[in-house]
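# Structural description and commentary
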Amino acid sequence: MTARAELADEACSDLISRGYSRRSLGKVLSLFAAAPALGTALAAPAAAQAATGMVLIGANECWTGPLAPGASAAADAIATGNRYTGSQRDAFAKAVASVEGVPAGHVMAWAGSSDPMARIIVTYCSPTRGLVVADPTFELAESVARYIGVKVAKVPLKADYGHNVKAMLAADPNAGVYYICTPNNPSATLTSLPDVEWLIANKPAGSIVLLDEAYIHFSEARPGAYLAAQGKEVIVLRTFSKLFGMAGMRLGATIARPDLMAKTLRYDGMMASYALPNPSLVCATASLTEAKLIKARRDEMIAVRTKSLLLLDKRGIEHVPSDANFFMVDWKKPAKEVQAAFAKENVAIGRSWPIWPTRSRVTVGSAAEMAAFDAAVVKLNL
Ligand code: PLP
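Here we summarise the structure given alongside this text. Bear in mind that the values here come from a model prediction, so they are computed numbers and not experimental data. (Residues numbered from 1 in each chain as written. Predicted model: local features only at pLDDT ≥ 70, side-chain atom pairs only at ≥ 80, totals over all residues. Heavy atoms only, no water.)

## Here we look at the pattern of salt bridges
As enumerated under the stated definition, the model contains 17 salt bridges in all. Across the salt bridge formed by Lys 154 and Glu 142, the nearest N and O atoms sit 3.2 Å from each other. Linking Lys 154 in strand β4 (residues 152-156) with Glu 142 in helix α6 (residues 140-147), this pair joins segments that are 12 residues apart in sequence. Its salt-bridge partner being Asp 195, residue Lys 158 comes within 3.3 Å of it at the nearest N-O pair. Separated by 37 residues along the polypeptide, Lys 158 in the loop between β4 and α7 (165-171) and Asp 195 in helix α8 (residues 193-202) bring together distant segments of the chain. Lys 158 sits in the partly exposed class, given a relative accessible area of 28%. (Salt bridge = Lys/Arg side-chain N within 4 Å of Asp/Glu carboxyl O. Helix = DSSP H or I, 4+ residues; strand = E, 2+ residues; numbered from the N terminus. Buried < 20%, exposed > 50% of the residue type's maximum accessible area, 1.4 Å probe, protein only.)

Next comes the structure, spelled out in structure tokens:
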């Protein structure tokens, strides 16, 4: 038997011992290859709209590209694109570690955050250990869990739109993963760190709190990386797809105790972290230490967001308070109809979630893009 076949054999035995049927093994193993495809499926509508010349404020992307030092580092890296990735990965981990105050060994680079999210669900959930998520939230963890037959408990957000951590634990006291997205997509609201700490302290042993901080740079809240540095059973997910304007360049990171991530690499070993484009790695590395530019971009977004939210307030249109580059508007009528009306005005706003059928998610675009949104609100007499 080759080393590869032995690994696959070992993986199958492990899955069967965790309660998977032989029939579901193919699905579970194929997921590692499928994660980028799931990401592509989620991004597809935005790509389709790009060709139409519409104002794209529906997919929570940044309104502009990478920070200047990142773009120039990426351009330089193209000249040495004949070489495999090497020291760039270590430089990235060191830069994240210095900014977040964690050991460099706790940092792993990924092609975005969707891939590690899928691995974490497959690794820590099983037919006997479910997934608990908020409702509404970003659906990738739930989609992966459902695909492999894992039980999913969905717990409504609290009245202040934070995750209801006590109800989440009560919903499944023996879950494998408790997913907390903060700021949450689509509500754009934070969950307090004391609540996250409570969940970590009270969850069952061997389970993971998956702390998705995709939008944390748009908020002024303290990030949760310190929890990983304390050696807790928590995995922090970061992405460069949002404030750093790199959604199409694909770079993300996990911050966690190394043994927690090592478990997710059983099937493809270190291949996962070699499969990274150097231009993206160096772009992210050169960007993440640019504290002044990060703050300037956040401030620019907040100023533009404030202007559109003021217009909504003036017109008596309700919205959820936002700590991110998007906000949820309650039109008090089917959000799908309102989205279609905006589309006729060449403005592609975001979608709604089943639990909030009258609310749309609107991404904060550039000042010019949000002026188009504001004009459409007035023209449509909303
Ligand atoms: N997490 C959240 C909350 C998101 O909204 C997204 C994408 O929109 C992702 C993770 C995945 O992003 P990526 O794979 O580009 O890092």
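## As for the sheet that holds strand β9 (residues 318-319)
Whether parallel or antiparallel, the strands of a sheet pair through hydrogen bonds between backbone atoms. Strand order in the open sheet formed by three strands is β9-β10-β12, with antiparallel pairing between adjacent strands. Only two strands of the sheet have a single partner each, and these edge strands are β9 and β12 (359-363). The sheet contacts of helix α13 (residues 291-314) involve β9 and β10 (326-330), and relative to β10 the element is tilted by about 5°. (Pairing = 2+ DSSP bridges. Contact = heavy atoms within 4.5 Å. Axes fitted to C-alpha atoms, helices over the stretch in contact; angles between N-to-C directions.)

## A look at the packing of aromatic side chains
Any pair of aromatic rings gets described here by the distance separating the centres and the angle formed by the planes. Tallied over the entire structure, the rule returns seven aromatic pairs. When the ring of Tyr 161 is compared with that of Trp 356, the centres are 5.9 Å apart and the planes differ by 80°; the resulting orientation is edge-to-face. A residue pair is termed long-range when its members are at least 10 positions apart, and Tyr 161 in the loop between β4 and α7 and Trp 356 in the loop between β11 (347-349) and β12 qualify at 195 residues. Judged by its relative accessible area of 21%, Tyr 161 is partly exposed. Measuring from centroid to centroid gives 5.6 Å for Trp 331 and Phe 342, while their planes differ by 45°, and the two rings are tilted. Taken as a pair, Trp 331 in the loop between β10 and α14 (335-344) and Phe 342 in helix α14 lie far apart in primary sequence, 11 residues in all. The residues Trp 331 and Phe 342 share a single accessibility class, namely buried. Ring pairs connect the aromatic residues Phe 327, Trp 331, Phe 342 and Phe 373, which therefore count as one cluster. In this arrangement the basic side chain of Arg 359 is found over the ring face of Trp 356, its NZ or CZ atom lying 4.3 Å from the centre. (Phe/Tyr/Trp six-rings, centres within 6.5 Å; stacked < 30°, edge-to-face > 60°. Lys NZ or Arg CZ within 6 Å of the ring centre and 35° of its normal.)

## Thoughts on the site of the ligand
Surveying the vicinity of the ligand reveals 14 residues, the closest of which are Ser 114, Asp 212, Tyr 215, Thr 239 and Ser 241. At 2.9 Å, a side-chain N or O of Asn 185 approaches an oxygen atom of the ligand. At 2.5 Å, a side-chain N or O of Thr 239 approaches an oxygen atom of the ligand. (Near = heavy atom within 4 Å. Polar contact = N/O pair within 3.5 Å; in protein donor to acceptor, adjacent residues only side chain to side chain.)

## Notes on the environment of Trp 198
Position of Trp 198 among the secondary structure elements: in helix α8. Taking the relative accessible area as the measure of exposure, Trp 198 reaches 26% and is therefore partly exposed. Through-space distance from the C-alpha of Trp 198 to that of Lys 166 is 8.4 Å; in sequence the pair is 32 residues apart. The residues touching Trp 198, leaving out its near neighbours within four places in the chain, are Val 165, Lys 166 and Leu 169.

## Quick look at the pairing of β10
Most of β10 sits inside the fold, with five of its five residues counted as buried. Alternating residues of β10 divide into Phe 326, Met 328 and Asp 330 and Phe 327 and Val 329, and every residue in both groups is buried. Note that β9 and β10 share two bridges and pair antiparallel. Paired with His 319 across the bridge in β10 is Val 329. Taking the residues between adjacent antiparallel strands as the criterion, β9 and β10 are bridged by six residues. Pairing geometry for β10 and β12, over five bridges, is antiparallel. What sits directly across from Val 329, in β12, is Ser 360.

## Here we look at the side chain of Ser 366
For Ser 366, the location among the structural elements is in the loop between β12 and α15 (367-379). Residue Ser 366 is classed as buried on the basis of its relative accessible area of 18%. Not counting residues up to four positions away in its chain, the partners in contact with Ser 366 are Trp 63 and Val 304.

## Some thoughts on the packing of α13 against α15
It is the contact of α13 with α15, at a shortest axis distance of 10 Å, that shows an interaxial angle of 5°. Classified by the angle their axes make, α13 and α15 are roughly parallel. Here α13 contributes Val 304, Ser 308, Leu 311 and Leu 312 to the contact with α15, which in turn contributes Ala 367, Met 370, Phe 373, Asp 374, Val 377 and Val 378. (Parallel < 35°, antiparallel > 145°, perpendicular 65-115°, else oblique.)

## Here's the deal with unusual backbone geometry
In the segment running from Asp 135 into Pro 136, the intervening peptide bond is cis, with an omega of 5°. On the secondary structure map, Pro 136 appears in the loop between β3 (131-135) and α6. Here the bond from Asn 185 into Pro 186 is cis, since omega is 20°, no more than 30 degrees from zero. Inspection of the secondary structure puts Pro 186 in the loop between β5 (177-181) and α8. The backbone of Tyr 161 sits at a positive phi, close to 70°, despite the residue not being glycine. Although it is not a glycine, Lys 332 adopts a positive phi angle of roughly 60°. On the secondary structure map, Lys 332 appears in the loop between β10 and α14. A residue is classified by how much of its surface remains accessible, and Lys 332, at 54% relative accessible area, is exposed.

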